[in-house]
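What the coordinates show
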Amino acid sequence: MADSAVEAIAVANYVAEEVAGHVTDVVLCPGSRNSPLAYAFLARRDVTVHSRIDERAASFLALGLARVQRRPVAVVMTSGTAVANCYPAVIEAHMSHTPLLVVSADRPERLVGTGASQTIWQQGIFGRYAATQQVAAVGDPIELDADAGGSSAAHINVALDTPLVPEALAEPVGTPRRVVGPGRLQGGAGFVDHGAVDVDLTLNTLVIAGDEAWEVPGLEHIPTIAEPTAPTPFHQVHPLAARFFTQDEVAVSHDGGDFAASTKPDQVIVVGHPTLHRDVLALMADNTIEVIGLSRTEAFTGNPARRGSRVNVTGQPTDQWLKICEAAGDVGAQTVRDALEDKQYGFTGLHAAAAVGDTLAVGDTLVLGSSNPVRDASLVGLPFDGVSTYAARGAAGIDGTVSQAVGIALATQALHPDELRAPRTVALVGDVTFLHDIGGLLIGSHDLPQPRPSNLTIVVANDNGGGIFEALEPGAEPLRENFEMAFGTPHDVDIAALADAYGVAYRRAETTQELVECLVDGVDKHEPVTVIEAVTTRATRRDLAEQLKK
């Protein structure tokens with residue numbers, strides 16, 4: 001038995017040493033089978049250990065940290081369904097090319113399939129999203145290169161035999177490290193170069209930049225519809241303008257004159273992974289427009305006629321085309337402004353997004369929940385220069401958004417350890433998204449020696465249910481009888497009570513102005529974590545969406 005104990009501890013120390021060479025942060029979940037791994041990582045001084053009791057929240061916390069760091073972050077858990085709880089985060093990591101490392105403890109292979117407690121088939125559990133590397137002895141190979149863990153998800157499954165607890169705690173090992181910046185950036189190790197595409201810019205050209213987009217040399221001055229997580233373009237075109245670009249000719253008013261113009265581009269260059277707006281996606285699917293796809297991963301959105309990672313450009317866009325794009329973009333932006341000023345729509349999620357956008361400052365970090373918030377943020381003008389913006393657009397789910405926001409806030413403030421005040425992180429999420437991951441607020445006792453967010457504001461646009469479905473097909477009048485049960489799903493949850501239960505500050509806003517005031521006041525009188533409940537309505541969302549289409 002003594003030899004088994006020595007073996008389990010030795011294997012765990014071996015895994016911890018290998019992992020510590022590639023990560024700066026580890027999220028640890030309590031458990032029995034992973035005890036040797038817990039002791040091994042807690043003995044290390046070259047990693048920062050975070051403690052969470054829920055593996056699902058822990059894995060998304062790790063994903064949030066990794067989004068900022070662009071290097072793997074490890075999440076460590078016990079055997080059984082604890083591992084399965086990481087599956088949603090692993091999928092998002094794979095789809096968004098975010099480095100995430102799952103280190104799971106397992107029973108010895110002789111016990112798998114015997115009905116032993118907390119024993120499931122963990123090898124290959126994540127399927128195509130993360131290959132399993134099985135470790136049962138010191139020296140078993142562990143690959144953490146760019147392909148295994150640098151730009152996606154990886155899984156190390158560690159078989160540990162009993163006894164699992166050492167006779168005494170190990171002496172500390174490793175030297176403390178300071179995180180000085182992101183690791184592998186997009187375009188670095190682990191990313192794919194698909195070569196160059198020749199592009200003639202004398203043809204009317206429009207760029208559509210989605211998640212994972214980058215500033216493409218040669219396209220800096222081309223009109224661009226950019227999603228909130230894309231770089232801010234020089235000629236930014238509002239997404240509502242996409243409907244103009246699908247038409248052969250429209251009447252345009254600009255600089256005091258009216259004229260008919262051909263607004264359909266000859267070519268569309270898609271950079272990254274756009275997903276948000278149906279009119280934009282329809283533009284990409286127009287078979288009369290040549291679509292060129294640029295990607296630095298294996299994935300291309302849609303079915304582009306030509307593919308690459310770089311462009312060789314010739315020519316320049318015409319002044320007329322630049323004016324057409326500017327005019328179309330101005331019409332789209334003005335349509336949103338008019339809708340926001342129209343009192344008949346009340347206080348909606350779009351109004352909440354406008355308030356958040358109006359109060360962002362250079363140096364802030366923004367986290368956007370899937371569903372309406374990321375789309376609303378796009379409609380009110382994001383991306384903004386100087387604001388780092390994150391959203392889960394890989395699989396575009398609402399899973400783990402609060403936990404990711406906490407991770408993003410922690411990683412951001414870790415980059416500025418010498419500042420008297422941590423940079424501000426603002427998250428805009430819907431109420432269903434917030435409730436889906438309310439456990440992300442459970443950080444643990446202040447007595448635990450782990451990092452805590454010190455300047456995180458979470459704005460919850462609470463319309464008491466699934467507001468995004470109001471403007472989609474299920475929200476049509478003939479189907480309303482079943483809408484609330486299947487799609488609206490009102491919950492009537494007391495957000496203030498939840499904030500109090502998790503020990504975070506709470507504020508409430510019932511108008512756009514009140515929300516602006518809450519956000520502005522929070523700049524100078526901030527709490528470590530503040531939840532602002534924006535009490536919005538979804539009753540007008542369908543009418544508002546129709547107004548934006550006009």
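Residues numbered from 1 in each chain as written. Predicted model: local features only at pLDDT ≥ 70, side-chain atom pairs only at ≥ 80, totals over all residues. Heavy atoms only, no water.

The protein is annotated in an unreviewed UniProt entry as 2-succinyl-5-enolpyruvyl-6-hydroxy-3-cyclohexene-1-carboxylate synthase from Corynebacterium genitalium ATCC 33030. What UniProt states about the protein under its Sequence similarities (unreviewed entry) heading is, verbatim, "Belongs to the TPP enzyme family. MenD subfamily." Note on the protein: under the UniProt heading Function (unreviewed entry), the record states "Catalyzes the thiamine diphosphate-dependent decarboxylation of 2-oxoglutarate and the subsequent addition of the resulting succinic semialdehyde-thiamine pyrophosphate anion to isochorismate to yield 2-succinyl-5-enolpyruvyl-6-hydroxy-3-cyclohexene-1-carboxylate (SEPHCHC)." (UniProt positions renumbered as here; feature names shortened; annotations may be inferred.)

1. Quick notes on the environment of Ile324
Considering the arrangement of structural elements, one finds Ile324 in helix 9 (residues 319-341). For Ile324, a relative accessible area of 3% gives the class buried. (Helix = DSSP H or I, 4+ residues; strand = E, 2+ residues; numbered from the N terminus. Buried < 20%, exposed > 50% of the residue type's maximum accessible area, 1.4 Å probe, protein only.)

2. Some points on the UniProt feature "domain: Thiamine pyrophosphate enzyme TPP-binding" (unreviewed entry) in the protein
Taking the numbering used here, the UniProt-annotated feature "domain: Thiamine pyrophosphate enzyme TPP-binding" (unreviewed entry) corresponds to residues 400-531. Split by type, residues 400-531 is 35% helix and 16% strand. Its first and last C-alpha atoms lie 16 Å apart.

3. Some words on the nonpolar core
Counting residues in hydrophobic clusters, the biggest one holds 48 residues, and the most contacted among them are Phe434, Leu441, Ile458 and Val531. Filtering out sequence-adjacent residues up to four positions away, Phe434 remains in contact with Val402, Val429, Leu441, Ile458, Val460, Ile495 and Val531. In terms of nonpolar packing, the next biggest core, distinct from the first, is built from 30 residues, Val11, Phe41, Leu160 and Leu164 among them. (Core = buried A, V, L, I, M, F, W, Y, C linked by side-chain atoms within 4.5 Å. Contact = heavy atoms within 4.5 Å.)

4. Digging into the UniProt feature "domain: Thiamine pyrophosphate enzyme N-terminal TPP-binding" (unreviewed entry) in the protein
Cross-referencing UniProt, the feature "domain: Thiamine pyrophosphate enzyme N-terminal TPP-binding" (unreviewed entry) maps to residues 11-120 in the present numbering. Helix makes up 43% of residues 11-120 and strand 18%, and the two end C-alpha atoms of the span are 21 Å apart.

5. Description of the sheet that holds strand 14 (residues 306-308)
Reading across the sheet, the 5 strands line up as 9-8-12-13-14 and stay open at both edges, with parallel pairing between neighbours. Edge positions in the open sheet fall to strand 9 (224-226) and strand 14, since each of these has one partner strand only. Ignoring which end each strand starts from, the neighbouring axes of this sheet average 20° apart. (Pairing = 2+ DSSP bridges. Axes fitted to C-alpha atoms, helices over the stretch in contact; angles between N-to-C directions.)

6. Re a nonpolar patch on the surface
Residues Tyr39, Val165 and Leu169 make up a contiguous nonpolar surface patch of about 310 Å² in total accessible area. Accessibility expressed as a relative area gives 69% for Leu169, which makes it exposed. (Patch = residues over 30% accessible without salt bridge, like charges linked within 9 Å, V, L, I, M, F, W, Y side chains within 5 Å. Areas by Shrake-Rupley, 256 points an atom, 1.4 Å probe, with all protein chains shown as cover. Salt bridge = Lys/Arg side-chain N within 4 Å of Asp/Glu carboxyl O.)

7. Description of unusual backbone geometry
Leaving glycine aside, a negative phi is the common case for residues, and trans is the common case for peptide bonds. Following Thr162, the chain continues into Pro163 via a peptide bond in cis, with omega recorded as -5°. Between Leu382 and the following residue, Pro383, the backbone shows a cis peptide bond with an omega angle of 10°. Mapping Pro383 onto the fold places it in the loop between helix 11 (372-379) and strand 17 (388-391). Positioned with a positive phi, His97 is a non-glycine residue whose angle comes to about 55°. Relative to the helices and strands, His97 resides in the loop between helix 5 (87-96) and strand 4 (100-106). Phi at Glu212 is positive, roughly 70°, even though this residue is not glycine. Mapping Glu212 onto the fold places it in the loop between strand 8 (205-209) and strand 9. Here Glu212 falls in the buried class, since its relative accessible area comes to 12%.

8. Looking at the environment of Gly369
Examined against the element boundaries, Gly369 turns out to sit in the loop between strand 16 (365-368) and helix 11. Each C-alpha atom, one on Gly369 and one on Ala427, is 7.5 Å from the other, the two residues being 58 residues apart in sequence. The residues contacting Gly369, other than those within four sequence positions of it, are Val374, Thr401, Leu428 and Val429.

9. Concerning the sheet that holds strand 6 (residues 153-159)
Taken in spatial order, the 6 strands line up as 2-1-3-4-6-5 in an open sheet, and their pairing is parallel. Both outer strands of the open sheet, strand 2 (48-51) and strand 5 (132-135), are each paired with one neighbouring strand and no more. Each strand of the sheet is rotated relative to its neighbour by a mean of 20°, with strand direction disregarded. Here strand 5 pairs with strand 6 via 4 bridges, running parallel. Opposite Gln134, over in strand 6, you have Asn157 as the bridge partner. The strands that helix 3 (residues 55-69) touches are strand 1 (25-28), strand 2, strand 3 (73-77) and strand 4; relative to strand 3, the one it contacts most, it runs at about 170°. Set on the sheet, helix 5 makes contact with strand 4 and strand 6; between it and strand 4 the angle comes to about 150°.

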